[in-house]
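Fold and geometry: a report
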Protein chains: 2
Amino acid sequence: AGVISTQPEWQDEEYFGNYGNLKLHLEMLSDKPRTEAYMNAIVKNADKLRDKVILDVGCGTGILSMLCVKHARPKHVYAVEASDIAEYTQKAVEKNGMASKITVLNDFAENAKIEDDVDLIISEWMGTMLLFEMMIESVLSMRDRFMKPELTIWPSSASLYLVPCTAQVHFNRKLEFWDCQYGLDFSSFKTLAKEDLLSKPYHDYELPCGDCLAKGQSVLQLDMKTLTIQSLENIVCQFEFVIDQGDTMHGFCTWFEVEFCPLSEDMDTVILNTGPDNQLTHWKQNLFLLDSPVRVNAGDVISGTLTISRNPEYRRHLRAFFDFKVIPGLQESKIVDPSSVQKMFYVWR
Amino acid sequence: AGVISTQPEWQDEEYFGNYGNLKLHLEMLSDKPRTEAYMNAIVKNADKLRDKVILDVGCGTGILSMLCVKHARPKHVYAVEASDIAEYTQKAVEKNGMASKITVLNDFAENAKIEDDVDLIISEWMGTMLLFEMMIESVLSMRDRFMKPELTIWPSSASLYLVPCTAQVHFNRKLEFWDCQYGLDFSSFKTLAKEDLLSKPYHDYELPCGDCLAKGQSVLQLDMKTLTIQSLENIVCQFEFVIDQGDTMHGFCTWFEVEFCPLSEDMDTVILNTGPDNQLTHWKQNLFLLDSPVRVNAGDVISGTLTISRNPEYRRHLRAFFDFKVIPGLQESKIVDPSSVQKMFYVWR
Ligand SMILES: [Ca+2]
Ligand SMILES: [Ca+2]
């Protein structure tokens, strides 16, 4: 017992310092679908990477840079990392006998001193709802700095996926505890638990495939070659789903897919998809719960927009605004003008 | 990917507000050995609680107060809770039809307006290493305020237990990840991971019984009737363990036991023990790792002191200073004056 204000007992973020990041890097390294997608792209295109200059933006532990040197024979790799972990990345590069091939730069990408001509920019910048943390901005700024027709950017494209879903199991699991404990009614706390559940996206969600009420749609496609950072200020994503099974719609789920374009015509595109049909990654899926569930029937159309905007002040944070209507299918065509549902989510400011 | 400074991505403590506490209360309510110990004490002594006035210090969700009303027939219960959750506790009391029996006071115990004479103080104040958060101070101040010879305090006594232990599995699990991933040597990050592992107590530890190198000892006994808050400023706990199996000693583990004295002579004492031989509670056990493991043999004596001091500034925080020697058993009696091992831990400041 005993609760000090609203802070977790051990305030890890203050205490861990550098180690806080290390735990995140461990999580990312342990994420096999993630790391193996990058590795596959490197291995499959190894011949074309020979003697090329590679820039690894936000290299973390240096895994991507070292995989390049291990599996291909690049001329040189510049591994840029702004956090203090770069000191240990440098040591890892040395331990792996790659110090002559990899230059670790402990700096912001934008400030990194690189005199070379860059052929490939590789980066793992994706976050919650694809864009959260907006690390993509550093990748695009490096693209512009080293721009040339033959420049490759990995991933070469990215898509955000959306689907309307039911989430009854999650809903119950989060709230039913408070119904009764030791023969006592604790439902007054359910109000508080429900407020919390609905107040923000649930970023750590594992969407069961069977909870999708329609086929997931790509609502945003980013081409890393042509994308401008300005275009990400306010993104309006259109969607129109045909419900394929009647159920209670609790909200929407998002995930993303990125592609690694092949460097020669005979090679396949490597794909990393974090959706519910794929092996779970550390990104999981992201759940956006409506304030009130909506009953939907097979054939109904969920039509509307998801507007993603950057927070004008906290530039790494996003807002997700859903605005949609449920247009009844044939059996209820009497409703001519259904009312729209709107909800704003902060991710996380 | 993407790491914003050293803070967790979602900064729950800032975001959750009230709900942060609710999650802790859910954890405490879900802890059956904890809640059932209190319930057993109430149920077994129900006859003696009849028409008594009860004070619940730091009532949280109100579980202990409501269990008193449900299972005994007290005259009245005063449930004091400083956090905002008290608003919902009041509603829970009403929902359970106990509003005439329980007065919820949203205040610090020290400021709570109670005109009644109190017969029983009940509180769940125990934390990591028994004393962390020092909520015991509020209980003792209520004891002094309502002091009379017949006043009962539940728990009535508390003991801190200590044992030397091996922790090879934990050690390996925390560090071996960095040896090799994807055929690459990440051991430079192991240094960082090890620094973290050794720098503070691991409060969320599940001590396997077989890892104890001697029998656990009670090194501190608190009698809630006579204990003074001043005596907790700097507590010197003596210990002397005889090693019963040769192994690598990685450090010490602590846990605690509290007792609920019976209110009549024919009743048993109810005990809540959070040690490794008992059902796991939300307190788990607490591990204190030495900087260098020590090889110990059966018959060796681990002799020394654990000094627990309150942080002079952050009054809810503790320091744990271990100072001990390994005195060889008969087979190595040649070492006359073994050197002492000393290590300071911050819990957590
Ligand atoms: Ca606690
Ligand atoms: Ca991330």
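This is a predicted model, so every value here is computed, not measured.

Reading the values: the criteria
- Residues numbered from 1 in each chain as written.
- Chains lettered and ligands numbered in written order.
- Predicted model: local features only at pLDDT ≥ 70, side-chain atom pairs only at ≥ 80, totals over all residues.
- Heavy atoms only, no water.
- Pairing = 2+ DSSP bridges.
- Helix = DSSP H or I, 4+ residues; strand = E, 2+ residues; numbered from the N terminus.
- Axes fitted to C-alpha atoms, helices over the stretch in contact; angles between N-to-C directions.
- Buried < 20%, exposed > 50% of the residue type's maximum accessible area, 1.4 Å probe, protein only.
- pLDDT = per-residue confidence, 0-100.
- Contact = heavy atoms within 4.5 Å.
- Phe/Tyr/Trp six-rings, centres within 6.5 Å; stacked < 30°, edge-to-face > 60°.
- Lys NZ or Arg CZ within 6 Å of the ring centre and 35° of its normal.
- Polar contact = N/O pair within 3.5 Å; in protein donor to acceptor, adjacent residues only side chain to side chain.
- Core = buried A, V, L, I, M, F, W, Y, C linked by side-chain atoms within 4.5 Å.
- Parallel < 35°, antiparallel > 145°, perpendicular 65-115°, else oblique.
- Nonpolar A, V, L, I, M, F, W, Y, C, P; charged D, E, K, R; others polar.
- Left-handed = near helix turned anticlockwise from the far one by under 90°.

Strand direction decides the pairing type here: strand 2 (residues 76-80) of chain A and strand 3 (residues 102-105) of chain A, joined by four bridges, are parallel. Residue Ala 79 of chain A lies in a different strand from strand 3 of chain A, and its bridge partner there is Val 104 of chain A.

The next point concerns the sheet that holds strand 3 (residues 102-105) of chain B. Either a parallel or an antiparallel arrangement is found when strands of a sheet pair, and the pairing is made through backbone hydrogen bonds. All names here are of chain B. Taken in spatial order, the five strands line up as 3-2-1-4-5 in an open sheet, and their pairing is parallel. With partners counted over all chains shown, the strands left at the sheet margins are strand 3 and strand 5 (152-154), one partner each. Strand-to-strand, the axes of this sheet are offset by a mean angle of 15 degrees, without reference to chain direction. Alignment of strand 1 (residues 53-57) against strand 2 (residues 76-80), held across five bridges, turns out to be parallel. Residue pairing for strand 2: Ile 54 is matched across the bridge by Val 77.

This part takes up helix 5 (residues 63-71) of chain A. With seven of nine residues buried, helix 5 of chain A lies mostly within the body of the structure. Buried residues of helix 5 of chain A: Ile 63, Leu 64, Ser 65, Met 66, Leu 67, Cys 68 and Val 69 of chain A, and no others.

This part covers the confidence of the model for chain A. Residues and elements named next belong to chain A. In this model, chain A carries an average pLDDT of 93, and 93% of its residues clear a pLDDT of 70 or more. Note on residues 1-16: pLDDT is under 50 here. Beyond four places in sequence and across chains, it has 51 contacts. The ipTM value of the predicted complex is 0.92, and its pTM value is 0.91.

This part is about the packing of aromatic side chains. All names here are of chain A. This model, assessed by the stated rule, comprises 32 aromatic pairs over all chains. What links up through ring pairs into an aromatic cluster is the set Phe 239, Phe 241, Phe 252, Phe 288, Phe 322, Phe 324 and Phe 345. The positively charged end of Lys 91 is found above the aromatic ring belonging to Tyr 88, 5.0 Å away from the centroid.

All names here are of chain B. Looking at the element boundaries, His 250 is found in strand 10 (residues 247-260). There is a polar contact of 3.3 Å between the side chain of His 250 and the side chain of Gln 168. Every residue in contact with His 250, bar those within four places of it in the chain, is listed here: Cys 165, Thr 166, Ala 167, Gln 168, Phe 171, Phe 288, Leu 289, Leu 290 and Pro 293.

Below, the discussion takes up the nonpolar core. Note on soluble globular proteins: their nonpolar side chains tend to be buried together. All names here are of chain A. Residues Leu 55, Trp 125, Leu 131, Ile 136 and Ile 302 are the most contacted members of the largest nonpolar core, which totals 120 residues. With six residues, helix 5 is the single largest residue contributor to this core. Those residues in contact with Ile 302, other than ones at most four positions away along the chain, are Pro 164, Phe 239, Glu 240, Phe 241, Ile 243, Met 249, Phe 252, Val 296, Phe 324, Lys 325 and Val 326.

Bringing the packing of helix 9 (residues 187-199) of chain A against helix 6 (residues 86-95) of chain B into the picture now. For any two helices packed against each other, the geometry comes down to the angle between their axes and how far apart the axes lie. One way to put it is that helix 9 of chain A packs onto helix 6 of chain B with a least axis distance of 7 Å and a crossing angle of 140 degrees. The angle between the axes of helix 9 of chain A and helix 6 of chain B places the two elements in the oblique class. Contact with helix 9 of chain A, carried on its side by Ser 187, Ser 188, Phe 189, Thr 191, Leu 192 and Glu 195 of chain A, involves Tyr 88, Thr 89, Lys 91, Ala 92 and Lys 95 of chain B of helix 6 of chain B and no other residues of that element. Here the residues of the contact of helix 9 of chain A with helix 6 of chain B are counted per class, giving four nonpolar, four polar and three charged.

Residue and element names in this part refer to chain A. Running from N to C, helix 8 (residues 168-175) and helix 9 cross one another at 140 degrees; their axes reach a closest spacing of 9 Å. As summarised for this structure, helix 8 and helix 9 are arranged oblique, according to the angle between their axes. Considering the relative orientation of helix 8 and helix 9, their crossing is right-handed. Taken together, the residues of helix 9 that come into contact with helix 8 (itself represented by His 170, Phe 171, Lys 174 and Leu 175) are Lys 190, Ala 193, Lys 194, Leu 197 and Leu 198. By residue class, the composition of the contact of helix 8 with helix 9 is five nonpolar, one polar and three charged.

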